[in-house]
Amino acid sequence: MAVSIPGPVERPGVAMHAPIVTVQQHLLREQRRISGVSGEFSWLVSGITLATKLIEAKLRRAGLSDIIGVAGQINVQGEIQEKLDVYANDMLLHALGVRESVAMMASEENQHPVLAHGGSPHAKYIVIFDPLDGSSNIDVGVSVGTIFSILRRTSEHLESDVCASEVLQCGLRQVAAGYVLYGSSTVLVYSAGNGVHGFTLDPAIGAYVLSHPELRIPDRGKFYSMNEANLDRAPVEYQNFVGQLRRGDLGVRYGSRYIGSLIADFHRTLIKGGVFLYPPTPDQPAGKLRLLYEANPVAFLVEQAGGMATDGRRRILEVQPKSIHQRTPLVVGSKTEVEAFLACVDQAHAGNVASDGRSAVNAAQLDLSIHPPLQELSR
Ligand code: F6P
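Please read these numbers as outputs of a predicted model, since none were measured by experiment. (Residues numbered from 1 in each chain as written. Predicted model: local features only at pLDDT ≥ 70, side-chain atom pairs only at ≥ 80, totals over all residues.)

For the rest of this paragraph, the subject is helix H8 (residues 335-350). Helix length check: H8, at 16 residues, gives a terminal C-alpha distance of 22 Å against a target of 22 Å (1.5 Å per residue), a fit within 8%. All of the buried residues along H8 are Glu337, Val338, Phe341, Cys344, Val345 and Ala348. Seen end-on, H8 carries its buried residues on one side only, within an arc spanning 110 degrees. (Helix = DSSP H or I, 4+ residues; strand = E, 2+ residues; numbered from the N terminus. Expected span 1.5 Å × (residues − 1). Buried ≥ 20, exposed ≤ 12 C-beta atoms within 10 Å, placed from the backbone. Arc of directions from axis to C-beta.)

So, about the environment of Gly178. Relative to the helices and strands, Gly178 resides in strand S7 (residues 174-182). In this structure the C-alpha to C-alpha distance between Gly178 and Leu301, which are 123 residues apart in sequence, comes to 7.0 Å. With near-sequence residues (within four places) excluded, Gly178 lies in contact with Phe148, Leu188, Val189, Tyr190, Ser191, Pro297 and Leu301. (Contact = placed C-beta atoms within 7 Å.)

This part covers the sheet that holds S7. Pairing is mixed across the open sheet formed by eight strands, whose spatial order is S4-S3-S5-S6-S7-S8-S9-S10. What marks the edges here is a single partner per strand, and that holds for strand S4 (114-115) and strand S10 (207-215). Two elements, strand S5 (residues 125-133) and strand S6 (residues 144-152), share seven bridges in a ladder whose sense is antiparallel. Pairing of Ile126 across the sheet is with Leu151, part of S6. (Pairing = 2+ DSSP bridges.)

It is worth spelling out helix H7 (residues 291-304) at this point. The element H7 is extensively covered by neighbouring structure, given that 14 of its 14 residues are classed as buried. Gly306 sits one or two positions beyond H7 and adopts a positive phi of about 100 degrees.

So, on to the pairing of strand S9 (residues 196-202). Within S9, five of the seven residues are buried, which leaves it mostly tucked inside the rest of the structure. Summarising the sheet, strand S8 (residues 186-191) and S9 pair through four bridges and their orientation is antiparallel. Note that in S9 the partner of Leu188 across the bridge is Phe199. Linkage of S8 to S9, two consecutive antiparallel strands, is achieved through a turn of four residues, within which Gly193 is found at a positive phi near 90 degrees. When S9 meets S10, the two strands line up antiparallel, connected through six bridges. Pairing of Thr200 across the sheet is with Val209, part of S10.

This brings us to the environment of His94. Position of His94 among the secondary structure elements: in helix H3 (residues 83-97). It is 8.2 Å that separates the C-alpha atoms of His94 and Ala51, two residues lying 43 residues apart in sequence.

Counting 99 residues, the largest nonpolar core has Val102, Tyr125, Val127, Ile128, Val302, Ala309 and Val332 as the members making the most contacts within it. Considering every element that reaches this core, the biggest residue donor is H7, with nine residues. When we break this core down by domain, the ones giving at least three residues each are domain 1 (23-215) and domain 2 (223-377). With residues near it in sequence (within four places) discarded, Ile128 still touches Ala106, Phe148, Ser149, Val167, Leu292 and Tyr293. (Core = buried A, V, L, I, M, F, W, Y, C linked by C-beta atoms within 7 Å. Domains from an automatic or database assignment.)

A few words on the sheet that holds strand S12 (residues 255-256). With respect to topology, five strands assemble into an open sheet ordered S12-S11-S13-S17-S15, the strand pairing being mixed. The open sheet is flanked by S12 and strand S15 (308-310), the only strands paired with a single partner. Of the strand pairs in this sheet, strand S11 (residues 223-225) and S12 are connected by two bridges, and their pairing is parallel. The partner of Tyr224 across the bridge, within S12, is Ser256. Its contacts with the sheet place H7 against S15 and strand S17 (330-333), and it is angled at close to 150 degrees to S15. (Axes fitted to C-alpha atoms, helices over the stretch in contact; angles between N-to-C directions.)

This is the structure we're talking about:
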């Protein structure tokens, strides 16, 4: 009797003939292409997908339960920890802590790296994450995200003095990076160095399903994204650049979109093009965003998608971190806009353009008078 071959997997409410690819299937395919990567890698990432599904389930019920609200502790950034931050951190530490390939984890919520499996030599990876980025937005129903970066361990022995240096690898050494955006849908975007792929959580089957294969950021967009309250306190190159975008000097008059939740702002920028900026300010002279678990993963993804990321001096991925919770300015997005920003940096550095079109001498004076401590940030 002839045996018929089963067709594509059917999903409730979804038209047939669209074969589904789950993130696990995709990872298994990917890992064959990455040298030195074995099944451990997809098992590791499954720890992240499991934790983020638990976080998403909790978030979706946040308005119904007593889970919103401060937990009473101050995290290492000096910010009050929201209860969901604590929950999200616990879920990731737990789900990754039982993956044999994880040697160490570093989180926004923990001052020091957390060692797993006693630093066993079989544990090859270091996972750095921000468990719930933008969590101050939760009580007003705004999208938040989990961000992660995966590095390969370099030392055989992980004594405490080695731990920090293992985590302090520059972004170019990331094996993979990604985020989960908990928005109107829950989307996982990741790259293991072979392009960027997006997966949408199908609540009917509880799986992340490939929805955005081979994501490319458009070469240019129509929006810039920054907290505009910072603009007049930002270095002159930021002021000049935003002036150009508003006037239409790049060919279109840009609109502005800012959510105030990095992953939500970055996801829009990745899909639609444009630019996201978080400048240094007198209050935050090194910028606000964290290099290891905000800027680096986002920079890895944007470069994989054909865009650019800079701190105004250097490519983000080339910055050598000095501390785990180090902050950085960040300008990330489409090539056209980031290149135009870098041209403004060069002009400001040469001191020949002022934000209001004044002479070179005035430009230098303006720059010095407004931003004395920020000068060294110019390229
Ligand atoms: O770093 C935390 C964060 O909430 C990011 O998600 C976001 O991009 C940024 O801070 C918003 O900062 P601000 O409220 O200063 O605009």
